[in-house]
Amino acid sequence: MLCEEKLEVFENGFEDGKFNLRIEFYGKDARRVLLAVIRELYLPDYGEEYVYPFECAKDFWGIPLEAEEIQVEEFRPSPIKFMNQSVRKRLEKALEGTNAPGDVREAVNLNGAEVHKLRKGLLALGKNFILLEEGYLFVFNKPSARALILKYLGMLDGA
């Protein structure tokens, strides 16, 4: 669905021509995080009162989320010391569990990932992906999207 001249929202993500940004998710539902990202991207253009692209995406996805409910969380890195076989297997299992298409899974380079320990499991950060052991995979085309997504991870279902 076209929500703004250059913002297209689809079932598992969005693509924005204005910011040249594409973010998709696989696994558990992460649309609340994407809504927060869309709102942040367009807030300077629209102001606090009514951010049309956010409202449009919210309606398309059928998510009752108000701006006041958006939570920003500071990412506190807790890197693991070594990527051992056990950690690698856990991440591979998590990646497999997202049911992402084969080409997407192949693009996820776990060898070069930064791995962190969170309360709910492992978090792998790559140049073009974020994988949470609890069943979320975000894939994006610009490394700057990583910081945007990390800010809103606390909004994931069950978080």
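The structure we're discussing is the one just above.
Let me begin by describing the structure that accompanies this report. For every chain, the first residue of the written sequence is number 1, and numbering continues from 1 along that sequence. Only residues with pLDDT of 70 or above have their local features reported here, since the model is predicted, and side-chain atom pairs are shown and tallied only from 80 upward, although totals for entire chains, interfaces and linings are computed over all residues. Heavy atoms throughout the structure, all of them, feed into the side-chain values; hydrogens and water do not.

Things to note about unusual backbone geometry
Okay, so step 1: A positive phi angle is found at N20, which is not glycine, with a value near 50°.
Okay, so step 2: Here a helix means four or more residues in a row that DSSP labels H or I, a strand means two or more in a row labelled E, and each is numbered from the N terminus. Along the polypeptide, N20 turns up in the loop between β3 (13–16) and β4 (21–27).
Okay, so step 3: With phi around 55°, N99 is a residue other than glycine that occupies positive phi space.
Okay, so step 4: Positionally, N99 belongs in the loop between α3 (85–97) and α4 (102–107).

Comments concerning the state of the cysteines
Okay, so step 1: In this description, a disulfide is simply a cysteine sulfur pair whose atoms lie within 2.5 Å. One pass over the full model with this rule turns up one disulfide.
Okay, so step 2: Across the disulfide from C3 sits C56; the S-S distance is 2.1 Å. With the S-S bond torsion at -75°, the cross-link from C3 to C56 turns out left-handed. You can see C3 sitting in strand β1 (residues 2–4) and its partner C56 sitting in helix α2 (residues 52–61), a full 53 residues away along the chain.
Okay, so step 3: On the accessibility criterion, C56 (6% relative accessible area) is buried. When accessible area is computed with a 1.4 Å probe and restricted to protein chains, residues below 20% of their type maximum are described as buried, those above 50% as exposed, and intermediate ones as partly exposed.

Here's the deal with α3
Okay, so step 1: Between its terminal C-alpha atoms α3 stretches 18 Å, which fits the 18 Å expected from 13 residues at 1.5 Å a residue.
Okay, so step 2: Listed as buried for α3 are V87, L91, A94 and L95. The arc that holds the buried residues of α3, viewed along the axis, is 100°, so those residues lie on one side. Residues of α3 that are exposed and angled more than 90 degrees away from the buried face: Q85, K93 and G97.
Okay, so step 3: For this analysis, residues touch if any pair of their heavy atoms sits within 4.5 Å. For α3, the secondary structure elements touched by its buried residues are α4, β5 (114–118), β6 (121–125), β7 (129–132) and β8 (136–140).
Okay, so step 4: The opening residue of α3 is N84, an N-cap whose side-chain oxygen sits 3.1 Å from the backbone nitrogen of S86.
Okay, so step 5: Positive backbone phi, approximately 55°, marks N99, located one or two places after α3. Expected helix span is taken as 1.5 Å per residue step, with the number of steps being one fewer than the number of residues. Directions from the helix axis toward the C-beta atoms define the arc. We define a polar contact as two N or O atoms separated by no more than 3.5 Å, with the added condition that, inside protein, one atom must be a possible hydrogen donor and the other a possible acceptor, whereas residues neighbouring each other in sequence contribute only through side-chain atom pairs.

Treat this as a map of the structure, not an account of what it does.
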